[in-house]
Amino acid sequence: MSERLQMLISQIKSHPSLGKILAMHERLPGSPVRFEDDPLLLPPVLTALQSQGIFRLYSHQVEALRRIREGKSVVIATPTASGKTLSYFIPVIESALTKNGRAIFMYPLKALENDQLRKWEQFTKLMPLGNPPRALIYDGDTPDPQRKLIRKTPPHALFTTPDMLHLGILPYHALWKDFIASLSLIVVDELHTYRGLFGTHMALVFRRLRRVCERYGAKPQFLATSATIANAQQLGEMLFGGDTVAIEESGAPRPARNVMLFNPEETSAFTETARLFTLSVTNGLRTLVFTRSRQETERMYQAIAESAPSIANKISAYRAGYLPEERREIESRLATGDLLGVISTSALELGIDIGGLDVCILSGFPGLIAQTWQRWGRVGRGDSEAMVALVASPNALDQYLLRHPEELFSRPFESANINSNNANVLDAHLQCAAQEIPLRLEEPWLQNPKVRDRMDASIAAGNLIEAADGGQWFSPDQQPQRKVDIRSAGSPYIIQDQVTGKKIGEVSGNTVFRECHPNAVYLHNGRVFVVTALDPSTSNILVTEPSPPPPYYTMPRTEKETEILEELESRTFGEYRICFGRLKVHEQVVAYERRQKDTRRLENVFPLDLPETVFETTGAWIEMPASIIERWTENGYHFPGARHATEHALLAMLPLIALCDRNDVGGITLDIHEQTRCPTIFLYDGFTGGAGLVETGYRQWEEWLRRSHQLVNECPCQEIDGCPSCIQSPKCGSGNRPLDKKGCIALLEFMRNGKHEQSVQSSTIVARHSKAKPEIVKTQQLLPRKLEETGTVYFDIETLRSADDVGGWGKINLMGIALAVVFDERTQQYTTYREKDVQQLIAHLDSAELVIGYNTLRFDYEVLRGYVLRDFKEWRSFDMLVEVQQRYGGKRLPLSALAKATLNNDKSADGLQSLQWVKEGKWNLIEEYCTHDVQLTRDLFKFGLERGYLLTEDRRGMRLKIALDWNLDKILGSR
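None of these values were measured; they are calculated from a predicted model.

## As for the overall build of the protein
Part 1: Tallying secondary structure elements over the protein gives 33 helices and 35 strands in all.
Part 2: Seen through its principal axes, the protein has C-alpha atoms that stretch 105 × 85 × 65 Å.
Part 3: Burial analysis of the protein (975 residues in total) assigns 56% to the buried set.
Part 4: When contacts within the protein are restricted to residue pairs at least 6 apart in sequence, those whose partners lie at least 24 apart make up 72%.
Part 5: Here the protein has roughly 41400 Å² of accessible surface; of this, 48% comes from carbon and sulfur atoms.
Part 6: Treating the 114 positive side-chain charges of the protein as one cloud and the 121 negative ones as another, the clouds have centres 3 Å apart.

This is the structure in structure tokens:
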């Protein structure tokens, strides 16, 4: 142990504040190095290793190389600083030198790309070769000219991000065909981050990548690295498909660590973390603090810089939302030692090389055992002893772990979950895959029943279109990837200084209403701003920097509602049951709190008027008997407070069951829910489509309940409404009201005592969950009607004036009727009407049983409204443009596109030509043109009615079949 570290530990124990709150100090011994007999390495690789002082490889590095040479896909899940980078550099370089193999290096953050590229270049320069294997970055920051050059002469190793693979490589795979054809390895760094909804998306992105590789005859292996998690092999197989080997025993030496746990009682975790950080930096120790929010990061940096000006120029804040050049500068200063301390969010958790650090402090438990050790693993390298600390917050999970510190050292790491059955994600990536390479039913991917079900649903929705000759399905959208946000963060908002116009930073669309609502206090790199304007239409936020800064901070308040869409499973325990299924959640930020910066005391609550957020997800809900309300009241409990507190306790303990953060999940409780008609607690994933988090808790319900009861029952507080250590939540949208701790304990005991009676699986919506009354359908045998026997008419209008003539498309009613043509099935005749005949035209349409046209609802009826004030919705109308648009992925197709592909016929003119004929008085030509359009409309309708499809041609010249379900009886009876 260094003298500085020894002095720091001594100072902590004798410190009047830190010494008092020190709950545990344990020195964990290090572990010795384990080498393995070196494999046969290529001479240039061996030379480069020896030039770096590496003469033998760690055992896990050798095993990884051996497995790759055997043709396996591999996940290396060993601790931080165990040499994982070399584990994939060596096989990639070996492939490049022996068979000109190529590799994709996938990093979840751009900062990791730059860091790893620097290491690659340092290593390959040490090889005695004239032209060592090249590596280049290809991501969103790469300029267009350089992108073209990279595609033309691709490197051996392409460093990229998941976002660029999804958006910029797979859709344009033809430009990469030579590179992909020689692709032998796909390296995926920081695999443990590919969990939840992001991991679900990436499993489908990798499926698409494999399809493209198969197209060009490549069968690459996957080589992934991960922090230690419980299910490394399973996660690799879920993401990559096929067999995956997990290497989890590290041969790298691990330095001794001094673990210190602090539990502030009279002060706060914020204050004591800042004090510990200041003491460590003052002793000259390189120190990293992890906070749990961007706001806390900024507030702590600001507080330390003000209270300890002597170290202000040696410390910095670091978080997402900083501009790229700001982050690169901080990383560089930390790596060179110019900075002694950094206060960071999880942004520095991943493997950016910031040199050897001495101390890592966690301001509050990060939510996961695995994440705790991942962060602590950032300090101490080789035999350099380090100190790691956790300063517990009052939050429930923190206090639970301080009462059970053995959980930190003996409890297995959590498992990473993805939801491979997420319907929204499957739908989106099926369309992306179809755009890249047409889907064929014989593909192995489509043999999965869940995938095939979603393909059928996508075909029905018009998001997949069959080729005219059958057997292949295409996407009607030429760039569906642009509509798929794989990180589900929402489009970023730009934060600008209202006075200077300078860009301050960014915030994700998912958090903007919580963090940057009007009058919110926004902190950035020690500066304090106040939001003056938020414009969702332009994704812009304006801020000002008041002087002096306000002495308060802000917190949002939300309101939520939930709707049961589908119950998939249920389990009954005595008097109650817990269900799992699909939910629709409505959330809205309705107010914000203003709290004093120093005391956190609530000053006031101010209302907000912001848009509602609605998303579909998966979750569990607990249905309790209605009689429980009266029983709890008679026993002196406040039932609404008991159920609300139970929701908080369950959400607080879910991170010990599933690999998630408390912010990843949400909850709602009601005395009576309108669908269940009984007291109900809802717990749900906070992502569109769900990420399998609450589902994990549902499947381990008894353990989830046990831990939640233990949390509340063991908390020593005597408050009626509990405390942040048990049932109060820092994220509660209703200000932690109402809460009843004793009622919560009794309710959790009631649930634990319920014996499991049965489990039920269902694939349909349970009748009693339906919000609408069931429709009574009378069955009656009727012969289908023939078109000629109905009062069906087809019509079209040509106008006197263009949109420009009348001031835009918002004034269609002023465009006027040049003439209209109607074909009537009853008479089998065409009738022409001029402007003076408009009343006869309307009377003719009034007499019809069904009015069919192309763009009638948005155009023709609007033109008619210029002559009569009435609502034409009373007519039974069938707008073919709308109907086709719904079955063609929402895209508007012109009449000519359908006519040419389906009927081998075309329009005789267009609208501009018709307007020119109006000016020239060529009414006979207008009538011929309009009559021909009506004829095309009639022929297309009859074709679609008889054959169940229409044809169109996409930009690639492929004729596609638009599947239709037109039924004359339904059309006549439903409108």
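Back to the write-up after that little detour.
## Quick look at the sheet that holds strand E11 (residues 315–318)
Part 1: Across the sheet, seven strands lie side by side as E1-E9-E14-E13-E10-E12-E11; this open sheet has mixed pairing. Taken across any chain shown, the strands that pair with only one partner, and hence form the sheet edges, are strand E1 (22–28) and E11. Put simply, the sheet's adjacent strands are angled 15 degrees from each other on average, direction ignored.

## A look at unusual backbone geometry
Part 1: Along the chain, Ser-547 connects to Pro-548 via a cis peptide bond; the corresponding omega equals 0 degrees.
Part 2: If you trace the backbone, Pro-548 turns up in the loop between strand E21 (540–544) and strand E22 (552–573).
Part 3: With an omega of -10 degrees, the peptide bond between Arg-737 and Pro-738 qualifies as cis.
Part 4: One can find Pro-738 in the loop between helix H24 (701–714) and helix H25 (741–753).
Part 5: Even without being glycine, Arg-677 reaches a positive phi, approximately 60 degrees.
Part 6: You can see Arg-677 is positioned in the loop between strand E26 (665–670) and strand E27 (680–685).
Part 7: The class of Arg-677 is exposed, set by a relative accessible area of 53%.

## Overview of the side chain of Ser-95
Part 1: Its location among the elements puts Ser-95 in helix H5 (residues 84–99).
Part 2: A relative accessible area of 6% places Ser-95 in the buried class.
Part 3: Setting aside anything within four residues of it in sequence, one finds Ser-95 in contact with Asn-100, Gly-101 and Ser-184.

## Observations regarding the side chain of Thr-273
Part 1: Mapped onto the elements, Thr-273 comes out in helix H12 (residues 269–282).
Part 2: A distance of 2.7 Å separates a polar side-chain atom of Thr-273 from the backbone oxygen of Ala-269.
Part 3: In contact with Thr-273, other than residues within four places in its own chain, are Val-289, Met-300, Ile-361, Ser-363 and Val-391.

## Concerning the environment of Ile-745
Part 1: Its location among the elements puts Ile-745 in helix H25.
Part 2: Here Ile-745 falls in the buried class, since its relative accessible area comes to 15%.
Part 3: Separated by 57 residues in the primary sequence, Ile-745 and Thr-688 place their C-alpha atoms 32 Å from one another.
Part 4: Contact partners of Ile-745, with chain neighbours within four places excluded, come to His-709, Val-712 and Asn-713.

## Quick notes on the packing of helix H30 (residues 895–903) against helix H32 (residues 923–947)
Part 1: At their nearest, the axes of H30 and H32 sit 10 Å apart, and the two run at 60 degrees to each other. Regarding the angle of H30 to H32, the classification is oblique. Handedness of the H30/H32 crossing: left-handed. Judged by residue contacts, Leu-895, Leu-898, Ala-899, Thr-902 and Leu-903 of H30 engage Asp-933, Leu-936, Thr-937, Asp-939, Leu-940 and Phe-943 from H32.
Part 2: Residue classes in the contact of H30 with H32 are distributed as seven nonpolar, two polar and two charged.

## As for H32
Part 1: Along its 25 residues, H32 runs 36 Å from first to last C-alpha, staying within 8% of the 36 Å computed at 1.5 Å per residue.
Part 2: Two residues or fewer after H32 comes Gly-948, characterised by a positive phi angle close to 80 degrees.

## A look at H12
Residue pairs three or four apart in sequence face the same way in an α-helix, which turns once every 3.6 residues.
Part 1: For H12, which comprises 14 residues, the first-to-last C-alpha distance of 20 Å matches the rise-based estimate of 20 Å (1.5 Å per residue) to within 8%.
Part 2: Two residues or fewer past H12, Gly-284 is found with a positive phi of approximately 80 degrees.

## Details of the environment of Asp-427
Part 1: Examined against the element boundaries, Asp-427 turns out to sit in helix H18 (residues 423–436).
Part 2: Once the C-alpha coordinates of Asp-427 and Leu-334 are considered, the two residues, 93 residues apart in sequence, prove to be 44 Å apart.

## A few points about the pairing of strand E24 (residues 602–607)
Part 1: By the bridge criterion, five bridges tie strand E23 (residues 576–596) to E24 in an arrangement that is antiparallel. When the sheet's bridge partners are listed, Tyr-592 is paired in E24 with Phe-606.

## Brief notes about the packing of helix H31 (residues 911–920) against H32
Part 1: Relative orientation of the contacting elements H31 and H32 amounts to 155 degrees, with a least axis distance of 8 Å. It follows from the interaxial angle that H31 and H32 lie roughly antiparallel. H31 and H32 meet at a crossing whose hand is left-handed. Note on element contacts: H32 touches H31 through Trp-923, Leu-925, Ile-926 and Tyr-929, opposite Gly-911, Ser-914, Trp-917 and Val-918.
Part 2: Taken together, the residues of the contact of H31 with H32 break down into six nonpolar, two polar and no charged.

Conventions used here
- Residues numbered from 1 in each chain as written.
- Predicted model: local features only at pLDDT ≥ 70, side-chain atom pairs only at ≥ 80, totals over all residues.
- Heavy atoms only, no water.
- Helix = DSSP H or I, 4+ residues; strand = E, 2+ residues; numbered from the N terminus.
- Buried < 20%, exposed > 50% of the residue type's maximum accessible area, 1.4 Å probe, protein only.
- Contact = heavy atoms within 4.5 Å.
- Areas by Shrake-Rupley, 256 points an atom, 1.4 Å probe, with all protein chains shown as cover.
- Lys, Arg positive; Asp, Glu negative; His and termini not counted.
- Charge placed at Lys NZ, Arg CZ, Asp CG, Glu CD.
- Pairing = 2+ DSSP bridges.
- Axes fitted to C-alpha atoms, helices over the stretch in contact; angles between N-to-C directions.
- Polar contact = N/O pair within 3.5 Å; in protein donor to acceptor, adjacent residues only side chain to side chain.
- Parallel < 35°, antiparallel > 145°, perpendicular 65-115°, else oblique.
- Left-handed = near helix turned anticlockwise from the far one by under 90°.
- Nonpolar A, V, L, I, M, F, W, Y, C, P; charged D, E, K, R; others polar.
- Expected span 1.5 Å × (residues − 1).

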